[in-house]
Amino acid sequence: MTIYSFWIFDKHCNCIFNREWTLSSDSSSGTTNSKQNSETAKLLYGLIYSLRNITQKLSNTESGNKNDIRTISTGKYRVHTYCTATGLWFVLLTDFFQQSYLQVLQHIYSHIYVKYVSHNLLLPYDLTENQPILMRGQGTRKITNRHFIAALESFLSPIVE
Amino acid sequence: MTDKLILTGMPEEQNVHSTTGYEYIIGPKQSLPNEANAPYIPSKIYSESILYKKQQVSLMSMAFLYQELISQIYKNSKTSTEFETKLSNHGSNIGFKLLDLLNLRASVPSSARSSTFLPSNASLTGGNTGETGGASTNTNTSTILTGYIDKSYESNESLSNMISQLRRRDLKIIDILQFIHGSVWSYLFGAPSNDLVKSSERENEYMIVDNEPVLTQFISGNFSCNYFMCGLIKGFLSQAGFECTVSPHPDVDEIYPNRVVYLIKFEKQVLEREALKFGA
Amino acid sequence: MSTTDKTSSSHSKSLKIIGDEIWKNKTEKINAELFAMTYGSIVSQLCQDFQRDYKKVNDQLFTMGYNIGVRLIEDFLARTAMPRCEDMVRTAEVISKCAFKIFLNISPQVSNWSPNKEAFSLIFPENPLSEFVELPMDATKDLWYSNILCGVMKGALEMVQLDCDVYFVSDVLRSEQQTEIRVKLNKVLRDEIPIGED
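Reading the values: the criteria
- Residues numbered from 1 in each chain as written.
- Chains lettered and ligands numbered in written order.
- Predicted model: local features only at pLDDT ≥ 70, side-chain atom pairs only at ≥ 80, totals over all residues.
- Helix = DSSP H or I, 4+ residues; strand = E, 2+ residues; numbered from the N terminus.
- Buried ≥ 20, exposed ≤ 12 C-beta atoms within 10 Å, placed from the backbone.
- Contact = placed C-beta atoms within 7 Å.
- Pairing = 2+ DSSP bridges.
- Axes fitted to C-alpha atoms, helices over the stretch in contact; angles between N-to-C directions.
- pLDDT = per-residue confidence, 0-100.
- Bend = angle between axes of the 7 residues up to and from the residue.
- Core = buried A, V, L, I, M, F, W, Y, C linked by C-beta atoms within 7 Å.
- Nonpolar A, V, L, I, M, F, W, Y, C, P; charged D, E, K, R; others polar.
- Expected span 1.5 Å × (residues − 1).
- Parallel < 35°, antiparallel > 145°, perpendicular 65-115°, else oblique.
- Left-handed = near helix turned anticlockwise from the far one by under 90°.

Caption draft 1: The arrangement of the overall build of chain B in detail. Across its full length, chain B carries 10 helices and 5 strands. Expressed as a percentage of its 280 residues, the buried residues of chain B come to 32%. Counting contacts in chain B only where the partners sit at least 6 residues apart, residues at least 24 apart contribute 66% of the total.

Caption draft 2: How the structure looks around the sheet that holds strand 3 (residues 205-210) of chain B. Residue and element names in this part refer to chain B. One open sheet holds the 4 strands; their spatial order is 2-3-5-4, and the pairing between them is antiparallel. Looking at which strands have only one partner, the edges of the open sheet turn out to be strand 2 (195-198) and strand 4 (244-250). The mean angle between the axes of side-by-side strands here comes to 20°, regardless of whether they run parallel or antiparallel. Sheet analysis places strand 3 next to strand 5 (residues 260-266), joined by 6 bridges and oriented antiparallel. Residue pairing in the sheet places Val209 in a bridge with Val261 of strand 5. Against the sheet, helix 9 (residues 227-239) engages strand 3, strand 4 and strand 5, with an angle of about 155° to strand 4.

Caption draft 3: Region of the structure containing the confidence of the model for chain B. All names here are of chain B. Residue-level pLDDT values for chain B average 75, and 64% of them are 70 or greater. Note on residues 29-33: pLDDT is under 50 here. Beyond four places in sequence and across chains, it has 7 contacts. Every residue in residues 113-156 is under pLDDT 50, and counting partners more than four places away or in other chains gives 70 contacts.

Caption draft 4: View of helix 4 (residues 88-104) of chain C. All names here are of chain C. Taken as a whole, helix 4 carries its principal kink of about 35° at Ile95. Of all 17 residues in helix 4, 15 are buried, a share of seventy percent or more. Asn105, located one to two residues past helix 4, shows a positive phi value of around 60°.

Caption draft 5: The nonpolar core, seen in detail. Core analysis: the largest hydrophobic core is formed by 137 residues, its most contacted members being Ile233(B), Phe35(C) and Met153(C). Among the elements that line this core, the one with the most residues is helix 3 (residues 54-80) of chain C, at 13 residues. When residues no more than four places from it in sequence are discounted, the contact partners of Ile233(B) are Gly95(B), Ile180(B), Ile208(B), Val246(B), Tyr262(B) and Ile264(B).

Caption draft 6: Up close: the interface of chain B and chain C. Of the residues lining the interface, 34 residues belong to chain B; the matching set on chain C comes to 35 residues. Of all the secondary structure elements, the ones that give two or more residues to the side of chain B that touches chain C are strand 1 (56-58), helix 3 (59-75), helix 4 (80-107) and helix 8 (173-189) of chain B. Of all the elements, helix 3 of chain B adds the most residues to the side of chain B that touches chain C, at 10 residues. Residue composition of the side of chain B that touches chain C, grouped by class: 20 nonpolar, 10 polar and 4 charged. When strand 1 of chain B meets strand 1 (residues 29-31) of chain C, the two strands line up antiparallel, connected through 3 bridges. Residue pairing across strands places Val57(B) opposite Ile30(C), the latter belonging to strand 1 of chain C.

Caption draft 7: Seen up close, the sheet that holds strand 3 (residues 31-32) of chain A. All names here are of chain A. With antiparallel pairing, the 6 strands of this open sheet are ordered in space as 3-2-1-6-5-4. Both edges of this open sheet fall to strand 3 and strand 4 (71-73), since each of them pairs with a single strand only. Of the strand pairs in this sheet, strand 2 (residues 15-20) and strand 3 are connected by 2 bridges, and their pairing is antiparallel. What sits directly across from Arg19, in strand 3, is Thr32.

Caption draft 8: Highlighting the interface of chain C and chain A. Listed per partner, the contact involves 20 residues of chain C and 24 residues of chain A. Here the side of chain C that touches chain A gets 7 residues from one element, more than from any other, and that element is helix 3 of chain C. Class assignment of the residues belonging to the side of chain C that touches chain A gives a composition of 12 nonpolar, no polar and 8 charged.

Caption draft 9: Quick peek at helix 3 of chain B. Here helix 3 of chain B spans 24 Å end to end across 17 residues, near enough to the 24 Å set by a 1.5 Å rise per residue. In terms of burial, helix 3 of chain B is a largely internal element, 12 of the 17 residues being buried. Among the residues making up helix 3 of chain B, those that are buried are Met60(B), Ser61(B), Met62(B), Ala63(B), Phe64(B), Leu65(B), Tyr66(B), Gln67(B), Glu68(B), Leu69(B), Ile70(B) and Ile73(B). Buried residues in helix 3 of chain B make contact with strand 1 and helix 4 of chain B together with strand 1, helix 2 (32-49), helix 3 and helix 4 of chain C.

Caption draft 10: Geometry of the packing of helix 3 of chain B against helix 3 of chain C. Where helix 3 of chain B meets helix 3 of chain C, the closest approach of the two axes is 10 Å, and the angle between their N-to-C directions is 140°. The angle between helix 3 of chain B and helix 3 of chain C falls in the class oblique. When the axes of helix 3 of chain B and helix 3 of chain C are compared, the crossing they make is right-handed. Between helix 3 of chain B and helix 3 of chain C, the contacting residues are Met60(B), Phe64(B), Glu68(B) and Gln72(B) on the first element and Met64(C), Asn67(C), Ile68(C), Arg71(C), Leu72(C) and Asp75(C) on the second. Looking at the contact of helix 3 of chain B with helix 3 of chain C residue by residue, the class counts come to 5 nonpolar, 2 polar and 3 charged.

Structure, rendered in structure tokens:
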């Protein structure tokens, strides 16, 4: 059981944080915030976005239970997602073995993101605020807060391998 | 506190036009002449006990409000001194009030707080004002007022008992600092401050230590944000006649990354007075 | 019909339980009087800064509230892990039974629904912001003392894609019968879609 990469997308379809680990052998060689505007980021968001469109059409919304995407799995990978009511997506790419990382993603949101980003009055609540109009997946500022990154590292690194 | 309430009923003070804060001498809304016919609903503050009801809100609500206060002041200040003064003034506003409020509450014997000494919803200070308002009201609210006046009588008696038992005000520096360290801190944050220290180097300097300041715990790396509590301490002390300046100083370590020391420097005349009264 | 009524009432009942539980066991608390006095100091300073132009004070309090609301919503969602509400009826219940409970330990009453169920009122039997407060005479006409609450709700609702008007209708501080805030849905904002998908 291992994790490969972690992504946060904001409600404007931008990747505002990403962390990629290198496979097992050398975890320190991974990168932080290097792939925001990469094809991977856009494809990943596009995948989740399209799938969500389909699932919402399939579900019976009258019941109130939304048909949310939890994981997408392939022969070797799983993509775990957690979407907040404010439209933030937390995405984790892992190997095939563990069924659910929902609690991990919820923990990142409620104990790390909210603590170091939402409660930090020096950070804008919306990273596209006062920015040139480069919305909808074309990239914006990213989360570079060192407390956030440190807390995320210490929480996720035991799971990496 | 009682002085102000007596003034409320004095009509001859119309010539005063203060432009700031609450005008006690003009009084509450019911005295507006053109609205004399409107049904009068007595302000809740007169019918409620001044005793601490131990009501609470979420710490996060306070933290959000505090952060927004900080960011507004920050936006509107040109220098760091201006920022500190403005934030400190907000604290002082509260410190002024706490001196009277907490002294009064500290005068109520603890046995009485839970007994019938004061009904929890009875009026302590406003009984008279409430009755005056009651005389000019229509029948709509009279039922409310009957019960209301009954309670006022009851509590007026209690109040008169209390006045003779009022806690004597603190005259010594060490006594009033103990009160801040113990009673004020417990009232605000649920526990006394972590330490109260006298400077070994300078006669007029004292320190209150807070290992984990409640209000600034969500704000990292800016000690100026502690000026609110400095203002509160300063307001409390100067209202009691102990003129001083208060400033925050970081004293951080591994365990307490936010620890703050509030340095209190008393004015010279405060020490001179104390020397005259109590001997050096 | 009766089934839907039943589910909606059991829904709101469980919301009350959720709100009470989080308030009781998972919320750090602070003296409400410190909170009230701090807010009082802010309002009174604004009255001075704007030379008692109370409309400007209202606007400033609203803006401050908005700034708080857009962040407070994340804290709220982190605590409750709530999904988006399917309609305004549910939204109103969540605001009253969970949000106000968790942040201020009160549960304003939801009432005065518009026929299309898109606007409602919150009635506040108590208001921790206005503890100790009596308005000076010149402020009773224009000042909405607790206007920060409207801003908070506006900001928080907007972040979950609900564009609403939020405003005071009446306030006991102005010798009115009750304290009432109106929430009116303008529209549900659409989620943005990535370029190339539209």
